[in-house]
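As a plain string of letters, each chain reads:
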Amino acid sequence: MKISCGTDIIEIARIKESIEDNKIGKAFVERVYTQKEIEYCESKKIQKYQHYAVRFAAKEAAFKAVSNLLEDKFSITWKNFEVINDEQGRPRLNIIGINLDNIENIDLSMSHCKEYAVANVTLLRN
């Protein structure tokens, strides 16, 4: 068994600026986030940027955790990772469209405050 992990931290203001940018905002959101993620973040109203940012950090952390398992790290996209919440509100990471059969377990930890969002992804694999 091997453990792979990835961690990322981002300034929430950077994500907010990208989303609110009149030229790239919509394209940025559609390129990075799945429809489920967009619906979830938009439902958070005034705190939506924190939720977008923490999902961005989770995707970056996931990329770092899986990149050494891929033949070509440039073959994956932002939407290959999706953060959803279970029935009790706990975040869960879905990996979509990537064949990573040897992963037994994925743990995701996310947190955010007024200025920063951070995420950690840990993979247990054969």
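Use the structure listed above.
Residues numbered from 1 in each chain as written. Predicted model: local features only at pLDDT ≥ 70, side-chain atom pairs only at ≥ 80, totals over all residues. Heavy atoms only, no water.

Undergrad: Help me out: how do you make sense of the overall build of the protein in this one?
TA: Within the protein one finds four helices and five strands. For the protein, the N- to C-terminal ordering of α and β elements is β-α-α-α-α-β-β-β-β. Its C-alpha radius of gyration of 14 Å places the protein within 12% of the 14 Å reference for a compact globule of 126 residues. Dimensions of the protein along its principal axes, counting C-alpha atoms only, are 45 × 30 × 25 Å. For the protein, with 126 residues in total, the buried portion stands at 40%. Considering only contacts in the protein between residues 6 or more positions apart, those separated by 24 or more positions represent 57%. Taken as a whole, the protein presents about 7,700 Å² of accessible surface, with 48% of it coming from carbon and sulfur. (Helix = DSSP H or I, 4+ residues; strand = E, 2+ residues; numbered from the N terminus. Rg over C-alpha atoms; globule rule 2.2 N^0.38 Å. Buried < 20%, exposed > 50% of the residue type's maximum accessible area, 1.4 Å probe, protein only. Contact = heavy atoms within 4.5 Å. Areas by Shrake-Rupley, 256 points an atom, 1.4 Å probe, with all protein chains shown as cover.)

Undergrad: It is not clear to me how the sheet that holds strand β5 (residues 116–125) should be interpreted in this structure. Could you clarify?
TA: Hydrogen bonds between backbone atoms are what pair the strands of a sheet, whose relative direction is either parallel or antiparallel. Taken in spatial order, the three strands line up as β1-β5-β4 in an open sheet, and their pairing is antiparallel. Each edge of the open sheet is held by one strand with a lone partner, namely β1 (2–11) and β4 (103–112). Each strand of the sheet is rotated relative to its neighbour by a mean of 10°, with strand direction disregarded. Two strands pair when backbone bridges link them, and β4 and β5 are joined in this way by nine bridges, in the antiparallel orientation. The partner of D107 across the bridge, within β5, is T122. (Pairing = 2+ DSSP bridges. Axes fitted to C-alpha atoms, helices over the stretch in contact; angles between N-to-C directions.)

Undergrad: When you look at the packing of helix α1 (residues 12–20) against helix α4 (residues 48–66) in this model, what are you seeing that I'm missing?
TA: Remark: α1 packs on α4, axes separated minimally by 9 Å, with the N-to-C direction vectors making an angle of 105°. Relative to α4, α1 is oriented roughly perpendicular. Every residue of α4 that contacts α1 at I12, I15, K16, I19 and E20 is listed here: Y49, Q50, Y52, A53 and F56. Residues of the contact of α1 with α4, tallied by class, amount to seven nonpolar, one polar and two charged. (Parallel < 35°, antiparallel > 145°, perpendicular 65-115°, else oblique. Nonpolar A, V, L, I, M, F, W, Y, C, P; charged D, E, K, R; others polar.)

Undergrad: Please clarify how the nonpolar core should be interpreted in this entry.
TA: For soluble globular proteins, the rule of thumb is that nonpolar side chains tend to be buried together. Counting residues in hydrophobic clusters, the biggest one holds 34 residues, and the most contacted among them are I15, F28, Y33, Y52 and V121. Elements with a contribution of two residues or more to this core: α1, α2 (25–32), α3 (35–42), α4, β2 (81–85), β4 and β5. Among the elements that take part in this core, α4 stands out by supplying 11 residues, more than any other. With residues up to four places along the chain from it excluded, the contact list for V121 reads S4, C5, G6, A58, A61, A62, A65, L93, I106, D107 and L108. (Core = buried A, V, L, I, M, F, W, Y, C linked by side-chain atoms within 4.5 Å.)

Undergrad: What is the right way to read unusual backbone geometry from this model?
TA: It is generally the case that most residues other than glycine have a negative phi and that most peptide bonds are trans. One non-glycine residue, K45, adopts positive backbone phi at about 50°. Inspection of the secondary structure puts K45 in the loop between α3 and α4.

Undergrad: What exactly am I supposed to notice about α4 here?
TA: Because the α-helix completes a turn every 3.6 residues, residues three or four places apart line up on one side. Taking 1.5 Å per residue as the helical rise, α4 with its 19 residues ought to reach 27 Å, and the 27 Å between its terminal C-alpha atoms agrees with that figure. Counting buried positions over the 19 residues of α4 gives 16, a clear majority of the element. (Expected span 1.5 Å × (residues − 1).)

Undergrad: Can you walk me through the pairing of strand β3 (residues 91–95) in this structure?
TA: Residues in a regular strand point their side chains to alternate faces of the sheet. Two elements, β2 and β3, share five bridges in a ladder whose sense is antiparallel. Across the sheet, residue E82 finds its bridge partner in β3, namely N94.

Undergrad: Mind showing me how you'd approach the environment of K48 here?
TA: With respect to the helices and strands, K48 occurs in helix α4. The class for K48 is buried, based on a relative accessible area of 18%. Linking K48 and K26, residues 22 residues apart in sequence, is a C-alpha distance of 15 Å. With residues near it in sequence (within four places) discarded, K48 still touches C41 and E42.

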